[in-house]
Structure formats: C-alpha cells, structure tokens
Amino acid sequence: MDEFQTPGAGESVTTRCCIVGGGPAGLFLGYLLGRAGVDVIVLEKHKDFLRDFRGDTIHPSTLELMHELGLLDEFLSITDKHLDSLNLNFEGQQFAGPYFTHLPTKCKFMTVAPQWDFLNMLARHAKEFPNFQVHMQSKATQLIFDGDRVVGVKVEGLNGDYEIHADLVVGADGRGSEMRIDAGAEIIEKGIPIDVLWFRISKQADVTDNTLARIREGRMLITIDRGDYFQTGLIIHKGTFDELKQEGIEAFRNRVVGILPTLADGVADIDTWDKVHLLTVQLNHITNWARPGLLFIGDAAHAMSPVGGVGVNLAVQDAVAAANLLADPLYNGTLTLEDLKRVQQRREGPALKMQRLQVFAHQRLFGGHTAPGKPISISWGVRKFAKLFAPILRRKAGKIIGLGFLQEHIECPKRAPKTVVAPAK
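This section reports on the structure supplied with the text. Keep in mind it's a predicted model, so treat the numbers as computed, not measured. (Residues numbered from 1 in each chain as written. Predicted model: local features only at pLDDT ≥ 70, side-chain atom pairs only at ≥ 80, totals over all residues. Heavy atoms only, no water.)

### Regarding the overall build of the protein chain
And then number 1: Scanning the protein chain for helices and strands turns up 11 helices and 21 strands.
And then number 2: A total of 425 residues make up the protein chain; the buried ones form 54% of that total.
And then number 3: Only carbon and sulfur atoms are counted for the fraction: they give 51% of the accessible area of the protein chain, which is about 18,100 Å². (Helix = DSSP H or I, 4+ residues; strand = E, 2+ residues; numbered from the N terminus. Buried < 20%, exposed > 50% of the residue type's maximum accessible area, 1.4 Å probe, protein only. Areas by Shrake-Rupley, 256 points an atom, 1.4 Å probe, with all protein chains shown as cover.)

This is how it looks when you write it as structure tokens:
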C-alpha cells in the first residue's frame, strides 16, 4: 500500500486531529473527518493492515453506512460470504439462530470480509481527500500535555522520532490501548471465563450451512466460512492454553475433529503451535472517554468479547457518532471538552448494554460458573427457554446483533474535494 512520507527525526507536525490507531474505528473516523474538510492524521504502527484473526464480521448497520457513503458495491465485491441468518449446532442437532431479513436496511444480511481489505479500501478512499494523511509504521508512544490538556503525541516513525501537535488526539488503538494507560484512564474489568484459540483449517469437505457455533460434549467451536478455508476458533477456559499445549498438537487436532468430524482431512494443516493464535478475551470499559484535547473510541473505550461478532461494528458506530458531533467544531477551531463529552453521552449507553448481554452469555450460556477443566455447558433451563421463545428471540437477536442498540447514520458534512492520488511507484 502506498503511504504518505512520514516526518523526519526531530520534526514537529501540526494538524487539527491526530488519530492513534489504524483499525476500523480510527480509519473510519479519519475518512469521515477528511471528507468533512478537517485536517487529520491517522497513525498506524504496522507497515500494513495484513494481520489475521481480526474481527471480520460486518453487520447490516455498517453495510448501511457504506451504502450512505456510496461505497457499498465496492465493499461487497471484497466480501467472502453473505449470511441472512445464523445457526447453532448443539450435540449434532441444528438450531436456527438470529436472522436479519426483517431489518430496515439496504442489506438484510451480514458479511464476512478480510479486515485488511476493508481497511485498505477505507485508506485508499480517504487519501482522495487532501486533508487526510495516514502515517504507516508510526507508533504513538506518549501523549503531550500542556497542563491538564492533551496537545499532541510523540511518535516513533519510520525516519525517527517526531511529534504531532493537534487540537484533538483520538485514542482508537484498541483493547491494548497504550494511550489510555498514559492518560491514566480508569478501566473497569468484567471478569469473563474464556479465551479463544484461532486457527485456519482448509475445507476438504462440503460444509455450506451458516453454522457459526458448534457445541459437542461440552466443547465449543466457531467456524467462519472463508471460501476455501474456515477461520476457526476453539473456546477454552481462560488460562488453560499451556495445559492444552502439554497434551500435544495431535490431541488438540483430535479435540477439534471431535466437535466437527468433517474437518478431519483439513485439520492436518495444524502441524505446529505457531499456527494456533491465542486471543485473550477482554471485556472492559473506561469511565471517562474524554478530557481536554483527548477522546477514546472503539475498543480503547469499551473492549468487547467475540460474542455476537459486534466489536468492529460498534467501533464504526463510535467513529460515525464522533464525526457527526465533532467535524464542525474541529473544522471551525471551536472544539470544547463539552463537544467530546457528547460523544461518550451518545455511545456509552449502547456499548454498556451490549457488554451486559455479553456478560450474560459468558456466565449463563457458556458455563461462566464452571470450574477450569470442566466442560463448557449451556444449562437445561436456558435451552428450554430458548426453544419455547425461539421465534421472538431469533428476531430480537437479529436486530440487536445487526443494528446494535443505537444505529448511527452519516450526518457530518462533505466539504473536501477529491484529488487524484498518484499510483505507487
């Protein structure tokens, strides 16, 4: 991917908004602010966006935003699969899950798309606006303060250390946010009992249903169909990965096949632990998203668990709300702390509601009170309730997963003219 020339060692750059983190929240916000004529720089510490096992499920709420921006057809061309409903397989029995066909959106389905393709697409279009820059291989290391106010960040760049001074710094650097640590943000942890092991398994057999979760003998497997392979996640009790390693890679492969026998041929792909990636599941939030000159959004403000695959979509909703509320004050140079607080006031409630549902899922559906080493289980009472009220629950769950608790729309102005971006040499 072509990139802007990053500053040299010792240089100082001034902009209206500096966004730390080139994930979905950071790039979406950068795109919208650039589109609104606001000078904005996005910092991404890696050389590209190509990192596997990131959130890839894009829900109707995000697809609606792409439609509103005129980017939907291009985005759909990079997606792997469209799912208008989801299923659960419990002990070999198929159960119909949430569906999206009733939603008041252009796309009544969710998609699976490589996140790096999504981010590359956003960055490519954002660079058509003269106000937008993305600095790759540029890591924000420290906030710059003037008294109590954040006025910029120190950066380790490709050409040496430099500084960016800005009216606003946005921490969109994910669940491991160093910016929120530097800011001394209070983090509220919600104890959850699972981790996820992610790995690829090539498709050697025809498995074409929309089943994302499979539970057998107390073990749970997530299978995301990526065409010629499954992006696969094995749910384990938190902190037990080292114990599984001691059992050996063959025992691990047998565990996977025991849940879904049709993976027997492809499971040979997992021939080393290097191909198994541990996602330490976090579920937390910070109490204060805003302080003078600083705002947190996305996972940096509220780290979500994988339940429902909502993380990317909530992050994008945060970005849209932030752009809607802040584009004009940033453009006019009138930004205040009250402007920043309005972003938290709008987005905190929907995020915390979703987290409460995730806590319920972890504690009740996935054996939150089960001791380590014991099978993950779904209680008889929960299964009975779900069966009795299946039609209502499927419709309601589809709306919550598909749209969240507060759907955002593009309201920030479009001021910036598009420029022709020269092809990379």
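### Examining the pattern of salt bridges
And then number 1: Tallied over the entire structure, the rule returns 15 salt bridges.
And then number 2: The partner of Lys 341 in a salt bridge is Glu 338, with the nearest N and O atoms 3.9 Å apart. With Lys 341 and Glu 338 both in helix H9 (residues 337-365) and three residues apart, this pair spans about one turn of that helix.
And then number 3: Its relative accessible area of 31% is what places Lys 341 among the partly exposed residues.
And then number 4: Linking Asp 339 and Arg 342 is a salt bridge whose minimum nitrogen-to-oxygen distance equals 2.4 Å. Here Asp 339 pairs with Arg 342, and both are found in helix H9, just three residues apart, close to one helical turn.
And then number 5: Residue classification places Asp 339 among the buried positions, given a relative accessible area of 9%.
And then number 6: Residues joined in a network through salt bridges with shared partners are Asp 318, Arg 346, Arg 347 and Glu 408. (Salt bridge = Lys/Arg side-chain N within 4 Å of Asp/Glu carboxyl O.)

### Details of the pairing of strand E6 (residues 93-99)
And then number 1: Note that strand E5 (residues 85-90) and E6 share five bridges and pair antiparallel. Within the sheet, the bridge partner assigned to Asn 89 lies in E6 and is Gln 94.
And then number 2: Hairpin connection between E5 and E6: a loop of two residues separates the two successive antiparallel strands, and Glu 91 in this loop has a positive phi of roughly 50°. (Pairing = 2+ DSSP bridges.)

### Notes on the nonpolar core
And then number 1: If you look at the biggest cluster of nonpolar residues, it comprises 80 residues, and the most contacted ones within it are Phe 28, Leu 43, Val 153 and Leu 295.
And then number 2: Here Leu 43 is in contact with Cys 18, Ile 19, Val 20, Gly 21, Gly 22, His 135, Ser 138, Ala 140, Val 153, Val 155, Tyr 162 and Ile 164, once residues within four sequence places are set aside. (Core = buried A, V, L, I, M, F, W, Y, C linked by side-chain atoms within 4.5 Å. Contact = heavy atoms within 4.5 Å.)

### Description of the sheet that holds strand E4 (residues 81-83)
And then number 1: The strand order across the open sheet formed by three strands is E3-E7-E4, and the pairing between neighbours is antiparallel. Among the strands making up the open sheet, the edge pair consists of strand E3 (57-58) and E4.

### Structural notes on helix H8 (residues 311-332)
And then number 1: Taking 1.5 Å of rise per residue, 22 residues should cover 32 Å, and H8 covers 32 Å from first to last C-alpha, within 8% of that figure.
And then number 2: In H8, a bend of some 50° at Leu 326 exceeds every other bend along the element, and Pro 329, a proline, comes one to four places later.
And then number 3: Among the 22 residues that make up H8, 17 are buried, leaving the element largely enclosed by the rest of the structure.
And then number 4: Following H8 by one or two positions, Gly 333 adopts a phi angle in the positive range, close to 70°. (Expected span 1.5 Å × (residues − 1). Bend = angle between axes of the 7 residues up to and from the residue.)

No statement about biological role is implied by the geometric values presented.
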